[in-house]
Amino acid sequence: MSGNGWATAAPCAGDFRFTPEETTAEAPTEPLVALLAVCQHCPFRAPCIDLVLPRASLFDGVCGGRLWRDGLVLATCDGAKPGELREYGRRPITHGTEAGARAHNRRGERACSLCREAGRLAQRARRARRRNSGT
């Protein structure tokens, strides 16, 4: 499934327990560790990490079969694989730029509105330069 359409089919869709409001170092982690059982057979663990980018965003909660606090993994569900953590080698998208539009495309996702507009403007500028150089 391309883009982020998979998110509504994920077993955790709409369950706010995966991203608790209380995320201090003293907050209990047991309830969140129990939620990892939901992730155990989820086919969307890697796309989940790609969407949330928990390390880069210093995420707190459950994402991609792992319990995160301040972007660090505290616990992992059974069956989670290191290859699902593709985020480590990914660079963030610079939104609102033509390069951002290309980055969305490379990831197989629909570009955000800022990147789509930047791509359209860049395409328009290239066409104008071609027309002007041809006359």
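Shown above is the structure to which this text applies.
A brief look at the structure comes next. Computed from a predicted structure; not experimentally measured.

## Comments concerning the sheet that holds strand β2 (residues 66-69)
Within the open sheet, the three strands sit side by side as β1-β2-β3. Their pairing is antiparallel. Edge positions in the sheet fall to β1 (61-63) and β3 (72-76), since each has one partner strand and no second. Shown here is a sheet whose adjacent strand axes are inclined to one another by a mean of 40°, direction ignored. Pairing of β1 with β2 involves three bridges; the strand directions are antiparallel.

## Section: the nonpolar core
Here is a general trend for soluble globular proteins: nonpolar side chains tend to be buried in one another's company. Of all hydrophobic cores here, the largest spans ten residues; its members are Trp 6, Ala 10, Cys 42, Phe 44, Cys 48, Ile 49, Phe 59, Cys 63, Trp 68 and Leu 85. Judged by nonpolar contacts, the second largest core, of nine residues, contains Phe 18, Leu 32, Leu 36 and Ala 75.

## Thoughts on the packing of aromatic side chains
Throughout the structure, instances matching the rule amount to one aromatic pair. Pairing Trp 6 with Phe 44 gives two aromatic rings, centres 5.5 Å apart and planes at 25°, and the pair type is stacked. Separated by 38 residues along the polypeptide, Trp 6 in the segment before α1 (30-39) and Phe 44 in the loop between α1 and α2 (45-52) bring together distant segments of the chain. The residues Trp 6 and Phe 44 share a single accessibility class, namely buried.

## Digging into helix α4 (residues 113-134)
End to end, α4 covers 32 Å across 22 residues, agreeing with the expected 32 Å (1.5 Å per residue, within 8%). The secondary structure elements touched by the buried residues of α4 are α3 (98-106).

## Let's talk about the side chain of Arg 45
Note on placement: Arg 45 falls in helix α2. Classification of Arg 45 by relative accessible area gives buried; the value is 6%. Among the polar contacts listed, one links the side chain of Arg 45 to the backbone oxygen of Gln 40, at a separation of 2.7 Å. Within polar-contact distance, the side chain of Arg 45 engages the backbone oxygen of Gly 79 at 2.9 Å. Excluding its chain neighbours within four sequence positions, the residues that come into contact with Arg 45 are Cys 39, Gln 40, Gly 64, Gly 65, Cys 77, Asp 78, Gly 79, Ala 80, Lys 81 and Glu 84.

## A look at the pattern of salt bridges
Within the structure shown, the criterion is met by six salt bridges. One salt bridge connects Arg 126 with Glu 98, and the closest N-O pair in it is separated by 2.5 Å. Placement of the pair is Arg 126 in helix α4 and Glu 98 in helix α3, with a sequence separation of 28 residues. Residue classification places Arg 126 among the partly exposed positions, given a relative accessible area of 25%.

## Focus: a positive patch on the surface
Together, Arg 127, Arg 129, Arg 130 and Arg 131 line one region of the surface with positive charge. Assignment of secondary structure puts Arg 130 in helix α4. Take Arg 130: its relative accessible area is 52%, and that puts it in the exposed class.

So, how was this worked out
Residues numbered from 1 in each chain as written. Predicted model: local features only at pLDDT ≥ 70, side-chain atom pairs only at ≥ 80, totals over all residues. Heavy atoms only, no water. Pairing = 2+ DSSP bridges. Helix = DSSP H or I, 4+ residues; strand = E, 2+ residues; numbered from the N terminus. Axes fitted to C-alpha atoms, helices over the stretch in contact; angles between N-to-C directions. Core = buried A, V, L, I, M, F, W, Y, C linked by side-chain atoms within 4.5 Å. Buried < 20%, exposed > 50% of the residue type's maximum accessible area, 1.4 Å probe, protein only. Phe/Tyr/Trp six-rings, centres within 6.5 Å; stacked < 30°, edge-to-face > 60°. Expected span 1.5 Å × (residues − 1). Contact = heavy atoms within 4.5 Å. Polar contact = N/O pair within 3.5 Å; in protein donor to acceptor, adjacent residues only side chain to side chain. Salt bridge = Lys/Arg side-chain N within 4 Å of Asp/Glu carboxyl O. Patch = residues over 30% accessible without salt bridge, like charges linked within 9 Å, V, L, I, M, F, W, Y side chains within 5 Å. Areas by Shrake-Rupley, 256 points an atom, 1.4 Å probe, with all protein chains shown as cover. Lys, Arg positive; Asp, Glu negative; His and termini not counted. Charge placed at Lys NZ, Arg CZ, Asp CG, Glu CD.

These figures capture arrangement, not role.
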